[in-house]
Amino acid sequence: MSDTIKEMMQEIEEMKEKLREEIEKHEIHVNYEIKNGYITFEKGVFSKQKKSMKHLKEWFGEIPFIQFLSAPVIYGMVIPAVLLDLMLFVYTYVVSRIFKIKFVKRKSYVVFDRHYLGYLNIVEKFNCLYCAYFNGVMQYCAAVAGRTELYFCPIKHAKKIAYAHDYYNHFLGYGDADHYPEKLKSLREASSEK
């Protein structure tokens, strides 16, 4: 990878961090703290949020019947998600030990915190827990797969792809055979646990 590309990648990461900080500045209007994994709101915020909550009778009254019919399909996806989650646990445990691959932490992807919000009723909180779990597992799976690909086959595709994981930009160019074994070894060492 050329120095120019490395510099551009570094600039992109710095811009992503600046964007994240700028977005956080605009979301500061609600004061809360995270202590030991628990979220506490500034005094009076939670009771103010509770006033905005739709009660179950009103909430269920606004839901179209077709949405109730789709619920088994939506919530049924939790079964393959739990199986995938269990298999990812086994996979990362085995593969990280054998190949010394440093995998990402699951808790960085599967995050439960929306249930602390006072303006959500019990059904909305349940839905948020479901979405946090399902989407978190899918994102964690993508991160594990990306880390695995970085170790075993870090070669970019010739065709454009719809989604590139965080490690893709570090991959070797398609068809770049010059010093492939050395470059592969270097990438593997960089992605291994120290």
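Located above this text is the structure these notes cover.
So, here's what we can say about the structure. Here the structure is a predicted model, which means the values were calculated and not measured.

Calculation criteria
Residues numbered from 1 in each chain as written. Predicted model: local features only at pLDDT ≥ 70, side-chain atom pairs only at ≥ 80, totals over all residues. Heavy atoms only, no water. Helix = DSSP H or I, 4+ residues; strand = E, 2+ residues; numbered from the N terminus. Buried < 20%, exposed > 50% of the residue type's maximum accessible area, 1.4 Å probe, protein only. Expected span 1.5 Å × (residues − 1). Arc of directions from axis to C-beta. Contact = heavy atoms within 4.5 Å. Patch = residues over 30% accessible without salt bridge, like charges linked within 9 Å, V, L, I, M, F, W, Y side chains within 5 Å. Areas by Shrake-Rupley, 256 points an atom, 1.4 Å probe, with all protein chains shown as cover. Salt bridge = Lys/Arg side-chain N within 4 Å of Asp/Glu carboxyl O. Pairing = 2+ DSSP bridges. Axes fitted to C-alpha atoms, helices over the stretch in contact; angles between N-to-C directions. Parallel < 35°, antiparallel > 145°, perpendicular 65-115°, else oblique. Left-handed = near helix turned anticlockwise from the far one by under 90°. Nonpolar A, V, L, I, M, F, W, Y, C, P; charged D, E, K, R; others polar.

Overview of the environment of Ser52
Stage number 1. Along the chain, Ser52 falls in the loop between helix H2 (45-51) and helix H3 (56-62).
Stage number 2. The exposed category is assigned to Ser52, whose relative accessible area is 54%.
Stage number 3. In this structure the C-alpha to C-alpha distance between Ser52 and Leu120, which are 68 residues apart in sequence, comes to 8.2 Å.

A closer look at helix H7 (residues 180-191)
The periodicity of an α-helix, 3.6 residues per turn, causes residues three or four positions apart to be oriented the same way.
Stage number 1. A rise of 1.5 Å per residue sets the reference length of H7, with its 12 residues, at 16 Å; its end C-alpha atoms lie 16 Å apart and thus fit the reference within 8%.
Stage number 2. Listing the buried residues of H7 in full gives Leu184, Leu187 and Ser191. Each buried residue of H7 sits inside an arc of 65 degrees when the element is viewed along its axis, so together they form one side. Counted as exposed and oriented over 90 degrees from the buried face of H7: Pro181, Glu182, Lys185 and Ala190.
Stage number 3. Its buried side turned inward, H7 meets helix H6 (122-152).

Here's the deal with a nonpolar patch on the surface
Stage number 1. On the surface, a nonpolar cluster with roughly 720 Å² of combined accessible area is contributed by Leu56, Phe60, Phe65, Ile66, Phe68, Leu69 and Ile122.
Stage number 2. Secondary-structure elements contributing two or more residues to the nonpolar patch are H3 and helix H4 (65-76).
Stage number 3. Topologically, Phe60 is positioned in helix H3.
Stage number 4. You can call Phe60 partly exposed: its relative accessible area is 35%.

Looking at the pairing of strand S1 (residues 32-35)
Every other side chain in a regular strand lies on the same face of the sheet, so the side chains alternate between the two faces.
Stage number 1. Two strands pair when backbone bridges link them, and S1 and strand S2 (residues 38-41) are joined in this way by four bridges, in the antiparallel orientation. Paired with Lys35 across the strands is Tyr38, a residue of S2.
Stage number 2. Where S1 hands over to S2, the hairpin turn is made up of two residues, of which Asn36 adopts a positive phi near 50 degrees.

Observations regarding the pattern of salt bridges
Stage number 1. One pass over the structure, following the stated rule, counts three salt bridges.
Stage number 2. Residues Lys183 and Asp176 are paired through a salt bridge, measuring 2.9 Å at the closest nitrogen-oxygen approach.
Stage number 3. According to the relative accessible area criterion, Lys183 is partly exposed, its value standing at 27%.

Describing the packing of helix H5 (residues 78-99) against H6
Stage number 1. Viewed as axis vectors pointing N to C, H5 and H6 meet at an angle of 30 degrees, and their least axial separation amounts to 10 Å. Between H5 and H6, the interaxial angle falls into the category roughly parallel. In the crossing of H5 with H6, the sense of the turn from one axis to the other is left-handed. Of the residues in H6, those touching H5 at Val78, Ala81, Val82, Leu84, Asp85, Leu88, Tyr91, Thr92 and Phe99 are Tyr130, Tyr133, Phe134, Val137, Met138, Tyr140, Cys141, Val144, Thr148, Tyr151 and Phe152.
Stage number 2. Here the contact of H5 with H6 is composed, by residue class, of 17 nonpolar, two polar and one charged.

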